[in-house]
Amino acid sequence: MLTRGLIGELIFKLYGVRFTEPGVGKYLKRWGLTFQRPDKRAVEQDPEAVRVWREETWPAIRTKAKAENGEVLFADQVGVRSDQVTGRTWGEQGKTPVVRRTGNRFSVNAMSAISTRGRMHFMVFTESFDAKVTLATLAHAVLTALAAQVQAGSKAKGDAETDQPSSRSPLT
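What comes next concerns the included structure. Since we're looking at a predicted model, the values are computed, not measured.

Basis of the calculations
- Residues numbered from 1 in each chain as written.
- Predicted model: local features only at pLDDT ≥ 70, side-chain atom pairs only at ≥ 80, totals over all residues.
- Heavy atoms only, no water.
- Pairing = 2+ DSSP bridges.
- Helix = DSSP H or I, 4+ residues; strand = E, 2+ residues; numbered from the N terminus.
- Axes fitted to C-alpha atoms, helices over the stretch in contact; angles between N-to-C directions.
- Polar contact = N/O pair within 3.5 Å; in protein donor to acceptor, adjacent residues only side chain to side chain.
- Contact = heavy atoms within 4.5 Å.
- Patch = residues over 30% accessible without salt bridge, like charges linked within 9 Å, V, L, I, M, F, W, Y side chains within 5 Å.
- Areas by Shrake-Rupley, 256 points an atom, 1.4 Å probe, with all protein chains shown as cover.
- Salt bridge = Lys/Arg side-chain N within 4 Å of Asp/Glu carboxyl O.
- Phe/Tyr/Trp six-rings, centres within 6.5 Å; stacked < 30°, edge-to-face > 60°.
- Buried < 20%, exposed > 50% of the residue type's maximum accessible area, 1.4 Å probe, protein only.
- Lys NZ or Arg CZ within 6 Å of the ring centre and 35° of its normal.

### Quick look at the sheet that holds strand E2 (residues 107-115)
Strand pairing in a sheet is mediated by backbone hydrogen bonds. Such pairs are either parallel or antiparallel.
Now for step 1: Spatially, the three strands line up as an open sheet ordered E1-E2-E3, and their pairing is antiparallel. The sheet terminates laterally at strand E1 (73-81) and strand E3 (120-125), the two strands that pair on one side only. Ignoring which end each strand starts from, the neighbouring axes of this sheet average 15 degrees apart.

Following this line, the structure appears as structure tokens:
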């Protein structure tokens, strides 16, 4: 990754001209460049497989879901530990910085799924991530979607006795 400092060093090596980091930044800005976080792509990514997914597989899934009034979910899981150290910090060369923390550790896992309709489903759990947890999360998402459909139907019809939206639970 290029930084203003590295670019300044390269300019000095190639042309013998030294710039400050802000000076390098001003030139880069003039040339239409901005400092950005790079996009990460898997080295193993197969461009043909990506093309097939975008042009053939995904449209077929979307069409089937629409025909069946279905909802497509994209799911992922994450685990977080209380003693997890993320990021970096400055420290004296040769001496690893130390982060003090308690020895009492805990961890929590989460599985989430977002639908093509913008609905977000998630579950937080302390068990290990396995097929049972995956099925429970998906079952929760399905029940939530069904409850929302039933509730929407009840509100659209109104309660026959009071002509008000139904206050009944959508799952009873």
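Read on, since the account is not over.
### Brief notes about unusual backbone geometry
Now for step 1: Here asparagine 69, not a glycine, exhibits a phi torsion of approximately 50 degrees, which is positive.
Now for step 2: Structurally, the position occupied by asparagine 69 is in the loop between helix H3 (47-67) and E1.

### Structural notes on the side chain of serine 115
Now for step 1: You can see serine 115 is positioned in strand E2.
Now for step 2: Within the local environment of serine 115, its side chain forms a polar contact with the side chain of glutamate 71, the two groups lying 2.7 Å apart.
Now for step 3: When residues no more than four places from it in sequence are discounted, the contact partners of serine 115 are Glu71, Val72 and Leu73.

### Regarding a nonpolar patch on the surface
Now for step 1: On the surface, a cluster of nonpolar side chains totalling about 680 Å² of accessible area is made up of Trp53, Ile61, Phe74, Ile114, Met120, Phe122 and Val124.
Now for step 2: At three residues, E3 tops the list of elements feeding residues into the nonpolar patch.
Now for step 3: Structurally, the position occupied by isoleucine 114 is in strand E2.

### Overview of the packing of aromatic side chains
Now for step 1: Overall, the coordinates contain five aromatic pairs when judged by the stated rule.
Now for step 2: Seen from their ring centres, phenylalanine 19 and tyrosine 27 are 5.3 Å apart, and the 75 degrees between their planes marks the pair as edge-to-face.
Now for step 3: By relative accessible area, which is 29% here, phenylalanine 19 ends up partly exposed.
Now for step 4: When its relative accessible area of 33% is taken as the criterion, tyrosine 27 is described as partly exposed.
Now for step 5: Centre to centre, the rings of tyrosine 27 and tryptophan 31 are 5.7 Å apart; their planes meet at 40 degrees, and the pair counts as tilted.
Now for step 6: Through pairs of rings, three or more aromatic residues link up here, namely Phe19, Tyr27 and Trp31.
Now for step 7: Over the face of the ring belonging to tyrosine 27 we find arginine 30, whose NZ or CZ atom lies 4.9 Å from the ring centre.

By themselves, these are just geometric observations and shouldn't be taken as functional.
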